[in-house]
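Summary of structural features
Okay, here's what each chain looks like letter by letter:
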Amino acid sequence: MPQAASNDYDRVAYPTMAHPQTFAECLSIKGFLRGLDVARPDRCRVLELGCGDGFNLAAMASIYPESSYTGIDYSAEAIERGRSFVTALGLKQIRLETADIRSLDQLKPELGQFDYIMAHGVYSWVPMDVRHALLAVIGRMLAPQGVAFVSYLALPGAHMRELVRTIIRFHTQATPNPMLQVEQSRSLLKLISTGSTLPNHYTQWITDELVLIENHAGEALFHDELSSISAPLLFTEFVAHAGTHALQFLSEAESLLPISRALTDEAREQLRPLEQNRVLLEQYLDFMEGRRFRQTLLCRPGLGEKLEQDRLDQLWVSCRATPGNGPVALADPTPIGFFGHRKAELRASTPATKAALLELTSHPGEAMSFPVLLTATRDRLLREGLTPDPDFESALRFYLCRASLPGLIEFTWAQLPWTTTVADRPFAHPLARWLVGQGAPTVLSYTGRFVEVNGALGRHLLSLLDGTRDHFALATEMSAFLAEKHREAQAREQPADLPAPDDPALAIQLQRSLSGLANLGLLRRE
């Protein structure tokens, strides 16, 4: 990143985050289903440009420790923070380097080629020469069958973000303190949102933007909306830029196929002729829906043009959604809604798709190999007296590929790395335990999401789950922890507001807490 960006990131650290849509498993499966001969995530080389403190790489390495990971960032302080916790966690397969993307050639001989390269939150926030250098590095270092991830601000939707950015940057231009800039920005947007006596489109737009900003961490708002550089562009412009560096559009990171959740039947019919040109179709969908942010996957020219649905036979399928309506006969024309994380929704309208999703959701926290899912779906149809259609398999393959979205249908190379079953010696995600030790309010789960673990008891229990303690040892240590907390409360002459260390219900509460941690995706499968 350029010097100005470096100074900002050294002054204000970007929030520690993991982005499962950038993980090598996600990229490899998108490439595999589009015909690439991809490297498996358990034996691959990964490069992240603009890696910050490297936490995203650590999240990958904790699941696939046999692969190698390299992170590059211009912020020396971020790299030093990352090296510190990577060393503390013993993640020797991660290499973090301070470097400018524009001069990365100096490291190229020893860096070599990478199977997966990601640059999240970089492209639209750096000057033009850095954007050129970013794609040039990917063009040089991406393996012949590799997949790259680049996120950026997309037009036309980002115009609304730019409107807000213009306002808050003007308002805070004389304020040197970053966090005071954040406070002033939110304050002004609230004033605009509520300051008019007549409802109008403008204040409604500001109100909608304010909702997004209120959910943004202050540090992220400073680096994103208040950034001195913001360069949104059309999807087709980005694809053309990538093309100048021998890179081609593969798919979006979160979907295998162009998707739209809100088009009318008439709109879909009018856009249907564009299905022969995926790039043009994606652009017009942006126009229809006002998309503002894209997470685009790139590959080498001549690859990834066709979705190879037969390759599903080599993958596993899971669904984290839950059915929304009560028991419905498969032959009933009423669709079944399935609801996932963050309002993700999926509708099943045919007997086969209903049967498949009911099979998946009846095994929470488990994946099914696709051939096993096919058999289970066919059996469920037959139990209800229904004969599968002749095109049953191909229709189900296409449906699942189209429904492959975060929090709904997810594909993996093997069974999920986490489990809802508590082992004799439970092992919790090492980064979750590290974050608890740092006092972080949320922790990383094996699902790639950050989750809340509330209460001193739950957080202390999580810190103990390193796989060395059985349930008796955990109960003993939790009892000792409670005794210490009661002594501290007594010294302060305050109530402890915690169970007594000899409470007979403690063993039952321990099992409930362990089950709760498992359901959050925090416990590793044996």
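For the structure given in this document, a descriptive report is provided here.

Once that is clear, we can look at the pattern of salt bridges. Per the counting criterion, the structure on display carries 27 salt bridges. Linking Arg-165 and Glu-162 is a salt bridge whose minimum nitrogen-to-oxygen distance equals 3.6 Å. You can see Arg-165 and its partner Glu-162 sitting in helix α7 (residues 158-171), three residues apart, about one turn around the helix. In this structure, Arg-165 and Glu-162 share a single accessibility class: buried. Measuring nitrogen to oxygen at the nearest pair gives 2.8 Å for the salt bridge that ties Glu-484 to Arg-487. In this pair, Glu-484 and Arg-487 are both assigned in helix α19 (residues 471-491), three residues apart and thus about one turn of the helix distant. The class for Glu-484 is partly exposed, based on a relative accessible area of 34%. If you follow the salt bridges from partner to partner, you end up with Glu-252, Glu-282, Asp-286, Arg-291 and Arg-294 in one network.

For the rest of this paragraph, the subject is the packing of aromatic side chains. To describe a pair of aromatic rings, you give the distance between the ring centres and the angle between the ring planes. Here the structure, examined in full by the defined rule, presents nine aromatic pairs. Over the ring of Tyr-123 we find Arg-131, and its NZ or CZ is 5.9 Å from the ring centre. A cation over a ring is seen here: Arg-524 above Phe-427, with NZ or CZ 3.7 Å from the ring centre.

This brings us to the sheet that holds strand β5 (residues 142-153). On the basis of which strands lie adjacent, the open sheet formed by seven strands has the order β3-β2-β1-β4-β5-β7-β6 and mixed pairing. With partners counted over all chains shown, the strands left at the sheet margins are β3 (94-98) and β6 (248-252), one partner each. Recorded for the sheet is a direction-independent mean angle of 20° between the axes of neighbouring strands. Sheet topology note: the β5/strand β7 (residues 293-299) ladder contains six bridges and is antiparallel. Looking at the pairing, Phe-149 lines up with Leu-297 of β7. Lying on the sheet, helix α6 (residues 128-141) is in contact with β1 (45-49), β4 (114-119), β5 and β7; it crosses β5 at an angle near 160°.

Another aspect to go through is unusual backbone geometry. The peptide bond linking Leu-155 to Pro-156 adopts the cis configuration, its omega dihedral lying at 15°. Structurally, Pro-156 can be placed in the loop between β5 and α7. Positive phi, normally seen in glycine, also occurs at Ala-246, with a value near 60°. Secondary-structure assignment places Ala-246 in the loop between α11 (235-243) and β6.

We now examine the sheet that holds strand β12 (residues 368-369). Ordered in space as β12-β8-β13, the three strands form an open sheet in which the pairing is antiparallel. The outermost strands of the open sheet, each flanked by one partner alone, are β12 and β13 (409-412).

If you look at the biggest cluster of nonpolar residues, it comprises 100 residues, and the most contacted ones within it are Tyr-116, Ile-409 and Phe-411. In this structure, Leu-104, Leu-111, Phe-114 and Tyr-123 belong to the second largest nonpolar core, which totals 32 residues.

It is worth spelling out the environment of Glu-305 at this point. With respect to the element layout, Glu-305 can be found in the loop between β7 and β8 (316-319). Each C-alpha atom of the pair Glu-305 and Gly-35 lies 8.1 Å from the other, and the pair is 270 residues apart in sequence. Setting aside chain neighbours within four positions, we find Glu-305 in contact with Arg-34, Gln-248 and Arg-278. Engagement of the side chain of Glu-305 in a polar contact is seen with the side chain of Gln-248, the distance being 3.3 Å.

What follows concerns the side chain of Arg-161. Considering the arrangement of structural elements, one finds Arg-161 in helix α7. Judged by relative accessible area, Arg-161 falls into the buried class, the value being 6%. Only 3.0 Å separates the side chain of Arg-161 from the side chain of Ser-230, close enough to count as a polar contact. Among all residues touching Arg-161, those that are not within four sequence positions of it are Trp-125, Leu-153, Glu-209, Asp-224, Glu-225, Ser-230 and Arg-292.

Procedures and definitions
- Residues numbered from 1 in each chain as written.
- Predicted model: local features only at pLDDT ≥ 70, side-chain atom pairs only at ≥ 80, totals over all residues.
- Heavy atoms only, no water.
- Salt bridge = Lys/Arg side-chain N within 4 Å of Asp/Glu carboxyl O.
- Helix = DSSP H or I, 4+ residues; strand = E, 2+ residues; numbered from the N terminus.
- Buried < 20%, exposed > 50% of the residue type's maximum accessible area, 1.4 Å probe, protein only.
- Phe/Tyr/Trp six-rings, centres within 6.5 Å; stacked < 30°, edge-to-face > 60°.
- Lys NZ or Arg CZ within 6 Å of the ring centre and 35° of its normal.
- Pairing = 2+ DSSP bridges.
- Axes fitted to C-alpha atoms, helices over the stretch in contact; angles between N-to-C directions.
- Contact = heavy atoms within 4.5 Å.
- Core = buried A, V, L, I, M, F, W, Y, C linked by side-chain atoms within 4.5 Å.
- Polar contact = N/O pair within 3.5 Å; in protein donor to acceptor, adjacent residues only side chain to side chain.

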